[in-house]
Amino acid sequence: MEYNGNKPTVWAMCSDGGLFFILWKVFCMFRPQNYRRNVSMEIMSLAEQLSKNPYPGRGIVIGKSEDDKYAVTAYFIMGRSANSRNRVFVEDGEGIRTQAFDPAKLEDPSLIIYAPVRVLGNKTIVTNGDQTDTVYELMDRQQTFEQSLRTREFEPDGPNFTPRISGIMHVENGMYNYAMSILKSNNGDSDSCNRYTFAYENPKKGQGRFIHTYMGDGNPLPSFEGEPEWVNIEGDIDTFTNMIWENLNEENKVSLFVRYIEISTGKYETRIVNKNQ
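What counts as what
- Residues numbered from 1 in each chain as written.
- Predicted model: local features only at pLDDT ≥ 70, side-chain atom pairs only at ≥ 80, totals over all residues.
- Heavy atoms only, no water.
- Buried < 20%, exposed > 50% of the residue type's maximum accessible area, 1.4 Å probe, protein only.
- Helix = DSSP H or I, 4+ residues; strand = E, 2+ residues; numbered from the N terminus.
- Pairing = 2+ DSSP bridges.
- Contact = heavy atoms within 4.5 Å.
- Salt bridge = Lys/Arg side-chain N within 4 Å of Asp/Glu carboxyl O.
- Axes fitted to C-alpha atoms, helices over the stretch in contact; angles between N-to-C directions.
- Core = buried A, V, L, I, M, F, W, Y, C linked by side-chain atoms within 4.5 Å.
- Phe/Tyr/Trp six-rings, centres within 6.5 Å; stacked < 30°, edge-to-face > 60°.

*Asks:* I keep staring at the pairing of strand 1 (residues 59-64) and nothing clicks. Help me out?
*Replies:* Regular strands place their side chains on alternate faces of the sheet. Judged by how many residues are buried, strand 1 sits mostly within the fold: six of six residues are covered. Residues Gly59, Val61 and Gly63 point to one face of strand 1 and Ile60, Ile62 and Lys64 to the other, with burial holding for every one of them. Relative to strand 2 (residues 70-78), strand 1 runs antiparallel, the two sharing six bridges. Across the sheet, isoleucine 60 pairs through a bridge with tyrosine 75, a residue of strand 2.

Below, the structure is given as structure tokens:
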């Protein structure tokens, strides 16, 4: 082998196949136990992701139940201001909407009063704002989920410029897939909108994805980064609902919606939890 002046590597030194095999076996014997974990993504505990973040803002979870029977989604809202905390989820047809718990204390309805969940045929739309209506109306006109969201961008609440997060679940003929989206400013630059769509075909049982508006508390609030987090989906609808609610920050949590859709029939169960009673 021609020497190129660089320090020889194990590959260059082991031109003999037998020697290479021996060295590979030695590497396998003595490699760190966490070697594979260091080079691949690990599923996260949803409970842990929620409990360690005092302010994820608004969040969407979509996945499949561990018994392989249900398409699962959850949506929660949190609040730091009195206006944001003065809200509850209420059922609205097949979906839900937010409304003021005490109408007399409602200050500014923009960005906080909307329909987070709507159902269009065999598709369930879940978002953190009035883009739910945009997706519903434009998909009803044969546009795609991604095309619909190209008409929107992040929220105009500078300096936070809160991301618009959205999800859609498609359950039909015993099949299930879903997609998620985030529209966010370019690292706080409101002149640019970064658009990301993530599609998940043939979801695996007991697994899901979690996307939220903020990485944590701060001023300004730091926008979510990266691909939706790979999380576990455990238990029946009541177990799952209780786990999420118990792990959301007690001071900041406001409302939670959870739905389990039976993949074979399209029938669903819903749970709603409101801090304001």
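*Asks:* Would you explain helix 8 (residues 237-247) in this entry?
*Replies:* Since the α-helix turns once every 3.6 residues, residues separated by three or four places project in the same direction. Taken as a whole, helix 8 has its buried residues at Ile237, Phe240, Thr241, Met243, Ile244 and Trp245. Buried positions along helix 8 lie against helix 4 (46-51), strand 1, strand 2, strand 12 (253-262) and strand 13 (268-274).

*Asks:* Where do I start with the pattern of salt bridges in this structure?
*Replies:* Close approach of charged atoms allows side chains with opposite charge to pair. Overall, the coordinates contain twelve salt bridges when judged by the stated rule. Between aspartate 68 and lysine 64 there is a salt bridge, with the nearest N and O atoms lying 3.3 Å from each other. Residue class for lysine 64 comes out buried when judged on its relative accessible area of 9%. Notably, a salt bridge pairs glutamate 250 with lysine 253, separated by 3.2 Å at the nearest N-O pair. Among the residues examined, glutamate 250 registers a relative accessible area of 51% and is labelled exposed. By sharing partners, the salt bridges in this structure join Asp130, Arg152 and Arg164 into a single network.

*Asks:* What exactly am I supposed to notice about the sheet that holds strand 13 here?
*Replies:* The strands making up a sheet associate through hydrogen bonds between their backbones, and the pairing can be parallel or antiparallel. Spatially, 11-10-1-2-12-13 is the arrangement adopted by the six strands of the open sheet, whose pairing is antiparallel. Each of the sheet's edge strands pairs with one partner strand only, and the pair in question is strand 11 (229-232) and strand 13. Across the sheet, the axes of successive neighbouring strands diverge by a mean angle of 20°, strand direction being ignored. Here helix 8 sits on the sheet and contacts strand 1, strand 2, strand 12 and strand 13; the angle it forms with strand 12, its principal contact strand, is near 155°.

*Asks:* Even after reading the chapter, I still don't get the nonpolar core, so can you show me in this structure?
*Replies:* In summary, soluble globular proteins display a tendency toward joint burial of nonpolar side chains. Judged by nonpolar contacts, the single largest core of 25 residues is most densely connected at Ile60, Tyr75 and Tyr176. Looking at this core, the elements that each hand over two or more residues are strand 1, strand 2, strand 7 (164-172), strand 8 (175-186), strand 9 (189-201) and strand 12. Among the elements that make up this core, the one with the highest residue count is strand 8 (four residues). In contact with tyrosine 176, not counting residues within four places along its chain, are Ile62, Gly63, Lys64, Ala71, Val72, Met169, His170, Val171, Asn202, Pro203 and Ile263.

*Asks:* Hey, could you run me through the packing of aromatic side chains in this one?
*Replies:* Counting across every chain of the model gives eight aromatic pairs. Ring plane angle 75° and centroid distance 5.7 Å describe the contact between phenylalanine 154 and phenylalanine 161, whose orientation is recorded as edge-to-face. The two residues phenylalanine 154 and phenylalanine 161 agree in class, both being buried. An aromatic cluster is defined as three or more aromatic residues linked by ring pairs; in this entry it consists of Tyr70, Phe240 and Tyr260.

*Asks:* Looking at this structure, I do not really get unusual backbone geometry. What am I missing?
*Replies:* Glycine aside, a negative phi is what most residues show, and trans is what most peptide bonds show. Note the cis peptide between glycine 158 and proline 159, where omega equals 5°. With respect to the secondary-structure elements, proline 159 resides in the loop between helix 7 (145-149) and strand 7. For leucine 111, which is not glycine, the phi dihedral falls at a positive 75°. Checked against the element boundaries, leucine 111 lands in the loop between strand 4 (95-100) and strand 5 (117-120). On the basis of relative accessibility, which here comes to 30%, the residue leucine 111 falls in the partly exposed class. At asparagine 173, a residue that is not glycine, the phi angle is positive and equals roughly 55°. The residue asparagine 173 is located in the loop between strand 7 and strand 8 in this model. When its relative accessible area of 74% is taken as the criterion, asparagine 173 is described as exposed.

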